[in-house]
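Residue-level structure breakdown
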Amino acid sequence: MSETCEILLFQVGAGVFAARVHDAVRIGSVRDVPAEDLVVITALGTPFERTRGIVIAAGEDGREHTLVVDQALGVRSIPAADVRALPPLASECLASRAVAGYVELDGALTLLIDLRALVRERPGAAPTAPNQRAA
Amino acid sequence: MSDSRPPEGTDPAPHGGGSEAWFFCLRILGGRYAFEAPLVTEVVRLGPLTRLPAAPSFLPGVFTHRGEVLPVLDIGQLVGHVSIPIRPSTRAALVHCGPWKVAVVSESVEGLVAIPRRALEAPPAESTGVAEFLSAVGRDRHGPVAILDLPRVVETARARAVPAGSARA
């Protein structure tokens, strides 16, 4: 039996992305989240609305941040082997470490996002060491 | 999705013997640009493009071709800061540059061109814009052709990209 991987699908602006479920602490409303814990603008773009969020424990101290998304579209279980790396030239040229690879879902190429790296890269965040990229 | 391949059985090597050199010609930025024909494996229509976050403008995205995900290179953005419009009809040349396999997007594909060796000249001695990437200029019966040093183009693209960790989104 092949190893599987749980991925969370979410939408930011017009883009649909995937992330590993274990990167997310919970999903919920952003209404009561303090503004300093909200992550609105990221490499993925800016959400149309500020209603839903994915809570991520990104810091070494376990502090939670909430990535604002337009929709959490659900969880899918896929074969772990379906998670692929981007072609080297593409991954080398990106100014973000948040793109961990891609998966093909229903015939569409969907980028797999490292949520912790994405939150660490948010504007105004403290710089991180090069080796702090999540596996 | 494939449209054409360099014909087999020909010797398109531009530095081989014979009175003509073979190149693969694309229209980019309204001009005729070519590179060494053996670098091109096929010509395809671009499928749906997936945009990459935090990608430089000359890397408009990736697309799937026969199960393989390929980066798309917009030479117009790299050398002239002008995007080549990407539509469903847009075609790209798949090229191998050393370890890299990329799809070079174009306004249109002309295909193989033969240029008499005596018509090949050194490029202009400018170090800016597209001149920086030319290995030669030539002329065939359809007019002038600028010969791109494609490996240098790809290496420059890598060098100009902001490495992850050195910039913020």
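Before reading on, note that the structure itself is shown above.
Residues numbered from 1 in each chain as written. Chains lettered and ligands numbered in written order. Predicted model: local features only at pLDDT ≥ 70, side-chain atom pairs only at ≥ 80, totals over all residues.

Here we take up the overall build of chain B. Each helix and strand in chain B was counted, giving two helices and eleven strands. In sequence order, chain B lays out its α and β elements as β-β-β-β-β-β-α-β-β-β-β-β-α. Across the 169 residues in chain B, those meeting the buried criterion constitute 39%. Of the contacts formed within chain B by residues at least 6 apart in sequence, a portion of 56% connects residues at least 24 apart. (Helix = DSSP H or I, 4+ residues; strand = E, 2+ residues; numbered from the N terminus. Buried ≥ 20, exposed ≤ 12 C-beta atoms within 10 Å, placed from the backbone. Contact = placed C-beta atoms within 7 Å.)

Here we come to the overall build of chain A. Of regular secondary structure, chain A possesses two helices and nine strands. Moving toward the C terminus, one meets the helices and strands of chain A in the order β-β-β-β-β-β-β-α-β-β-α. Taken over the C-alpha trace, chain A has a radius of gyration of 14 Å; the compact-globule value for 135 residues is 14 Å, and the two agree within 12%. Within the span of chain A, comprising 135 residues, buried residues form 36% of the whole. Residue pairs at least 24 apart in sequence account for 57% of intrachain contacts in chain A once pairs closer than 6 positions are excluded. (Rg over C-alpha atoms; globule rule 2.2 N^0.38 Å.)

We now examine the sheet that holds strand β3 (residues 31-36) of chain B. Residue and element names in this part refer to chain B. Taken in spatial order, the five strands of this open sheet run β9-β2-β3-β11-β10, and their pairing is mixed. Of all the strands in the sheet, the pair left with one neighbour each is β9 (108-116) and β10 (134-140). Taking each pair of neighbouring strands and ignoring which way they run, the sheet shows an average axis angle of 35°. (Pairing = 2+ DSSP bridges. Axes fitted to C-alpha atoms, helices over the stretch in contact; angles between N-to-C directions.)

Quick look at the interface of chain A and chain B now. On the chain B side, the residues contacting the 21 residues of chain A number 23 residues. Elements with a minimum of two residues in the side of chain A that touches chain B: α1 (88-93), β8 (99-105) and β9 (108-113) of chain A. No other element matches the four residues that α1(A) contributes to the side of chain A that touches chain B. In the side of chain A that touches chain B, the residues fall into 16 nonpolar, two polar and three charged. (Nonpolar A, V, L, I, M, F, W, Y, C, P; charged D, E, K, R; others polar.)

Turning our eyes to something else, we now look at the pairing of strand β6 (residues 68-73) of chain B. Residue and element names in this part refer to chain B. Relative to β6, strand β5 (residues 61-65) runs antiparallel, the two sharing five bridges. When the sheet's bridge partners are listed, V62 is paired in β6 with P71. In this antiparallel pair of consecutive strands, β5 and β6, the connection spans two residues, and R66 shows a positive phi of 50°. Pairing analysis gives two bridges linking β6 to strand β8 (residues 100-105), with the strands arranged parallel. Bridging across to β8, V72 finds its partner in A103.

Now for the nonpolar core. One finds A:I113 and B:F23 to be the most contacted residues of the largest nonpolar core, which totals 87 residues. Take this core: its biggest share by element is seven residues, from strand β2 (residues 20-28) of chain B. Setting aside residues no more than four positions away along its own chain, A:I113 makes contact with A:F17, A:A18, A:A19, A:L44, A:A98, A:V99, A:A100 and A:L118. (Core = buried A, V, L, I, M, F, W, Y, C linked by C-beta atoms within 7 Å.)

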